[in-house]
Amino acid sequence: MSVTIKTRDEIEKMRVAGRLAAQVLEMIQEHVQPGITTGELDRICDDYIRNVQQAIPAPYEYRGFPKSICTSVNYQVCHGIPGNKKLKRGDIVNVDITVIKDGFHGDTSKMFFVGEPSILARRLVQVTQNAMWTGIEQVRPGTCLGDIGHAIQAFVESHSYSVVREYCGHGIGREFHEDPQVLHYGTPGTGLELQSGMCFTVEPMVNAGKRQVKLLPDGWTVVTKDRSLSAQWEHTVLVTEDGHEVLTLRQEELGQRRAAQ
Ligand code: MF3
Ligand code: CO
Ligand code: CO
């Protein structure tokens, strides 16, 4: 599939889908507490997306995925399947939301702390969030995908963490995963040149230990091979004439996009 350039109308629909996905993360915040299960978080989000937003949770039955959101806890890297394990104090959890509204997708994720995090966990989560923003800051017409990947990789490695290579950001629109693939590592000046009207996600996965990952027997959950902690943040971004627009921005990000380090 080739890279789609969104029309004005399509961009407006992407804005709506992006806003809805962001609002699910805002809604779920207060529920992420010690003792709740990831399965319960899934049910709350599914109900909100379908019944309040009148939208569709894109993960449900996507390539056989059994739930409506992804929840990845501690050493889980991505695509964790919500289940009956209770969250406990000190856990970090990524909640990844993708909604479809009026035929278009919005895809975003953030890390939540359950109770007070360890110093390592807090630092990993902040470095990963700032890695995502470092990538997003590169987005403007004329930038190459390799510039985004390089910026993220250089930032992460300067903090002695590692970037997961097996999973990447992606074009997004009428399809959940469109071209191009947006790698979170790379070489400046290489790869596709950005044009206004493109939409894609930036969603780096960063490990406290080595970058290698493995897939659990459930066929979905990706974990770090060395069982080190992993974090991920994701936004859906539009390339505009003079830069970019983050379509999944939350209220809490309006004043300050980066985390203080
Ligand atoms: N939301 C994930 C992403 O950022 C994809 C999840 S696919 C699923 O691309 F099937 F696991 F939901
Ligand atoms: Co995505
Ligand atoms: Co996602």
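Placed above this text is the structure.
Quick look at the structure, then. Given the structure is predicted, the values throughout are model-derived calculations rather than measurements.

Here we look at the overall build of the protein
Summing up its helical and strand segments, the protein has four helices and 15 strands in all. Relative to the globule expectation of 18 Å for 261 residues, the C-alpha radius of gyration of the protein, 17 Å, shows essentially globular dimensions. Counting only C-alpha atoms, the protein reaches 45 × 45 × 40 Å along its principal axes. Going through the 261 residues of the protein one by one, you find that 53% of them count as buried. Long-range contacts, defined as pairs at least 24 residues apart, comprise 70% of the intrachain contacts of the protein with a sequence gap of at least 6. For the protein, the distance from the average site of its 28 positive side-chain charges to the average site of its 32 negative ones is 6 Å.

Description of the pattern of salt bridges
On inspection of all chains with the given rule, the structure shows 12 salt bridges. Salt-bridge contacts for Glu-116 lead to Arg-122; the nearest nitrogen and oxygen are separated by 3.4 Å. Note on Glu-116: relative accessible area 63%, which makes it exposed. What emerges from the salt-bridge pattern is a single network uniting Asp-42, Arg-43, Asp-46 and Arg-50.

A look at the layout of surface pockets
Looking at the largest pocket, its volume works out to about 570 Å³. Along its surface, the largest pocket is lined by 25 residues, and Tyr-62, His-79, Tyr-167, His-170 and His-177 are the ones closest to its centre. Residue assignment for the lining of the largest pocket shows that the elements contributing at least two residues are strand S4 (92-101), strand S7 (169-171) and strand S8 (178-182). Element by element, the count of residues in the lining of the largest pocket is highest for S8, at three residues. Class assignment of the residues belonging to the lining of the largest pocket gives a composition of 10 nonpolar, seven polar and eight charged. Looking at the second largest pocket, it is lined by 18 residues, and the ones nearest its centre are Thr-38, Thr-71, Val-73, Gln-76 and Lys-85. Considering only residue class, the lining of the second largest pocket consists of five nonpolar, eight polar and five charged.

As for the site of ligand 1
In the vicinity of ligand 1 lie 14 residues, with Asp-96, His-170, His-177, Glu-203 and Glu-234 positioned nearest. With respect to ligand 1, the side chain of Glu-203 contributes an N or O atom lying 2.8 Å from an oxygen atom. Coverage of ligand 1 by the protein amounts to 97% of the 340 Å² it exposes when considered alone. Here ligand 1 occupies the largest pocket. Residues of the shell around ligand 1, tallied by class, amount to six nonpolar, four polar and four charged.

What to know about the coordination of the cobalt ion (ligand 2)
Around the cobalt ion (ligand 2), the protein supplies Asp-107 (OD), His-170 (NE2), Glu-203 (OE) and Glu-234 (OE) as donor atoms, at distances of 2.0 to 2.2 Å. Coordination at the cobalt ion (ligand 2) is irregular, judged from the six donor atoms that bind it and the angles of 51 to 161° they form at the metal. Read from N- to C-terminus, the donor residues coordinating the cobalt ion (ligand 2) fall into the pattern D-x62-H-x32-E-x30-E. Taken as an interatomic distance, the gap from the cobalt ion (ligand 2) to the cobalt ion (ligand 3) is 3.3 Å; Asp-107 donates to each of them. Taken together, the residues Asp-107 in strand S5 (residues 104-113) and Glu-234 in the loop between strand S13 (230-232) and strand S14 (235-240) connect sequence positions 127 residues apart. With relative accessibility at 2%, the residue Asp-107 sits in the buried group. You can call Glu-234 buried: its relative accessible area is 0%.

A look at the nonpolar core
If you look at the biggest cluster of nonpolar residues, it comprises 30 residues, and the most contacted ones within it are Ile-136, Val-139, Ile-148, Val-156, Leu-194 and Phe-200. The set of elements that each furnish at least two residues to this core consists of helix H3 (119-137), helix H4 (145-158), strand S9 (199-202) and S14. The element that contributes the greatest number of residues to this core is H3, accounting for eight residues. With residues near it in sequence (within four places) discarded, Val-156 still touches Ala-131, Tyr-161, Ser-162, Val-163 and Val-206. Membership of the second largest hydrophobic core comes to 21 residues, among which are Val-32, Ile-49, Ala-55 and Val-93.

Definitions and limits used
Residues numbered from 1 in each chain as written. Chains lettered and ligands numbered in written order. Predicted model: local features only at pLDDT ≥ 70, side-chain atom pairs only at ≥ 80, totals over all residues. Heavy atoms only, no water. Helix = DSSP H or I, 4+ residues; strand = E, 2+ residues; numbered from the N terminus. Rg over C-alpha atoms; globule rule 2.2 N^0.38 Å. Buried < 20%, exposed > 50% of the residue type's maximum accessible area, 1.4 Å probe, protein only. Contact = heavy atoms within 4.5 Å. Lys, Arg positive; Asp, Glu negative; His and termini not counted. Charge placed at Lys NZ, Arg CZ, Asp CG, Glu CD. Salt bridge = Lys/Arg side-chain N within 4 Å of Asp/Glu carboxyl O. 1 Å grid on protein atoms, 1.4 Å probe; cavity = no way out; pocket = protein on both sides within 12 Å on 5 of 7 lines; lining within 4 Å. Points joined across faces, edges and corners; volume = space filled by probe spheres on them. Nonpolar A, V, L, I, M, F, W, Y, C, P; charged D, E, K, R; others polar. Near = heavy atom within 4 Å. Polar contact = N/O pair within 3.5 Å; in protein donor to acceptor, adjacent residues only side chain to side chain. Areas by Shrake-Rupley, 256 points an atom, 1.4 Å probe, with all protein chains shown as cover. Sits in = over half its atoms within 2 Å of the grid points. Donors = N, O, S within 2.8 Å, 3.2 Å for Na, K, Ca; no water. Tetrahedral: all angles 85-135°; square planar, octahedral: opposite > 155°, others 65-115°. Core = buried A, V, L, I, M, F, W, Y, C linked by side-chain atoms within 4.5 Å.

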